[in-house]
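For reference, the chains in residue letters:
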Amino acid sequence: MSESELTRSKLGIGSWIVYDMGNTLFSAGIVGLVFPLWLTRDMSGDDGTFGFSLSLSMIIVFILSPIAGTISDITRRKMPFLVATTLIAIIATALIGVFNYGISITLFCTAVILIHLANIFYNALLSDISTESNVGYIGGLGVGVGYIGAIFAVVCGLLFYDTQGPVFLFKLMSLLMFILVLPLFLSGRYSISETRVTEFRSLIETAIKQAFMSLWEARKKKVWAIFLFARFWYFSSIYAGSVFAVLYGVETVDLTEREVQLILAVGIVFGIPSGAVWGFLVDKYGSFLNLKLNVMAWFLILGLAALLPVVGLPAQLWWVVGVLAGVFMAGLYVSERPFVISMSESDTVSEYFAVYNMVGRLAAISGPFAWGFISSTLGMGQVASITWLSISALIGFLVLLFAKSD
């Protein structure tokens, strides 16, 4: 049995939590805010360009996720892979807009791919720093504090988007990401005893074989298989809704960019304490029940967002949508990670997170693709796209109702 790569000390737990701030800064600041505005405002792109770029990125992540997780389990190492993928992603993000349009999109896709691969190793480290009795609390604390990274992103956008422009923000946010992930890199252990060493080619072959075996074996554990199928539906809707939220607010709802950023900030502020609350509820009532509640809530949130511009409801309700999105996004992440850990054995945590991540990436392929296809290719508009997302969340919830947690 190998040693833990993080200790259950305050330093180990704190550095793991702070990393989530950098991860959230990337998701909220780069993917959710600056890049889509830069692409559509400055580079004449549209929903299809953004959605199809994300879908292509997720196809690659979908292919690489199980291989990455299995390699991590075979080598019994997570930190070296986490460091490499994160640092290259940060460099790629900093270079967006420096080169031409095509290269910049390629750099964005590269950063998205590597950040999502890094999350496999990052999520697996949760088992090093937690126990069965506090995994929900620590995971919830990570999600809640991680929202501070999103606040950094929104504040940077409010201060510098109009004056310095998006290319400056790509560099600034990359620097902030590096500062936030550095504590975890410095506190981790990189020399693990009893690590099995194999040649690279044999390692890859074993990883590929084990990856497909993991997917095949998933069908035997009924709750796990149902969860994966449900996650495809609900995560496709939530992921697409989050990355297109800014464009939807600006182009369909006719809010200003500043108003959208302020609503996003309010949602984040409410999400910070929500992470700790959801963590307490997960430890007390179980992750699976909380997961069902959160997926149902997302069906209602997306449905409300679709109705508001159609029926002309008061604009103030957008603040309600922002608050609910922040609260239940935190609840979703807090509920999922402990559930995955509960399904896995101690020596297959990375493998289970890789399959979990693989299904999530498959959902992240279909969600943005569906939005871009419905809105731009079919010309039905963004309201039709978000309506489809609400239906997808409902399907995911209904699938979860068929499962009973062990």
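The model shown is predicted, which means the values in this text are computed figures rather than measured ones.

Participant: Hey, could you run me through the overall build of the protein in this one?
Facilitator: When you go through the protein residue by residue, the secondary structure sums to 15 helices and zero strands. Looking at the protein residue by residue over its 406 residues, the buried ones come to 56%. For the protein, the proportion of contacts with a sequence separation of at least 24, taken over those separated by at least 6, is 85%. When the accessible surface of the protein is split by element, carbon and sulfur atoms take 69% of a total near 16,400 Å².

Participant: Looking at this structure, I do not really get the pattern of salt bridges. What am I missing?
Facilitator: Think of it this way: side chains of opposite charge can pair up when their charged atoms draw near. Using the criterion set out here, one finds three salt bridges in the structure. Between Arg 41 and Glu 257 there is a salt bridge; the shortest N-O distance is 3.3 Å. Here Arg 41, found in helix H1 (residues 10-42), pairs with Glu 257, found in helix H11 (residues 257-285); they are 216 residues apart in sequence, far enough to count as distant. According to the relative accessible area criterion, Arg 41 is partly exposed, its value standing at 37%. The closest approach of N and O atoms between Arg 231 and Glu 336, which form a salt bridge, is 2.8 Å. One end of the pair, Arg 231, is in helix H9 (residues 222-243); the other, Glu 336, is in helix H13 (residues 317-343), and 105 residues separate them in sequence. Overall, Arg 231 belongs to the buried group, its relative accessible area being 2%.

Participant: Help me understand the packing of aromatic side chains in this model?
Facilitator: Aromatic ring pairs are defined here through the distance separating the ring centres and the angle between the ring planes. Applying the stated criterion across every chain, the model contains 25 aromatic pairs. Between Phe 35 and Phe 108 the ring centres are 3.7 Å apart and the planes differ by 5°, which places this aromatic pair in the stacked class. With Phe 35 in helix H1 and Phe 108 in helix H4 (residues 101-124), the pair connects residues that are 73 residues apart, well separated along the chain. For the pair Phe 35 and Phe 108, a shared accessibility class is recorded, and that class is buried. Between Phe 50 and Phe 108 the ring centres are 6.3 Å apart and the planes differ by 40°, which places this aromatic pair in the tilted class.

Participant: So what exactly am I meant to see when it comes to a nonpolar patch on the surface here?
Facilitator: A cluster of nonpolar side chains, Phe 52, Phe 369, Phe 373, Leu 378 and Met 380, forms an exposed patch at the surface whose accessible area comes to about 470 Å². Its location among the elements puts Phe 369 in helix H14 (residues 349-377).

Calculation notes
Residues numbered from 1 in each chain as written. Predicted model: local features only at pLDDT ≥ 70, side-chain atom pairs only at ≥ 80, totals over all residues. Heavy atoms only, no water. Helix = DSSP H or I, 4+ residues; strand = E, 2+ residues; numbered from the N terminus. Buried < 20%, exposed > 50% of the residue type's maximum accessible area, 1.4 Å probe, protein only. Contact = heavy atoms within 4.5 Å. Areas by Shrake-Rupley, 256 points an atom, 1.4 Å probe, with all protein chains shown as cover. Salt bridge = Lys/Arg side-chain N within 4 Å of Asp/Glu carboxyl O. Phe/Tyr/Trp six-rings, centres within 6.5 Å; stacked < 30°, edge-to-face > 60°. Patch = residues over 30% accessible without salt bridge, like charges linked within 9 Å, V, L, I, M, F, W, Y side chains within 5 Å.

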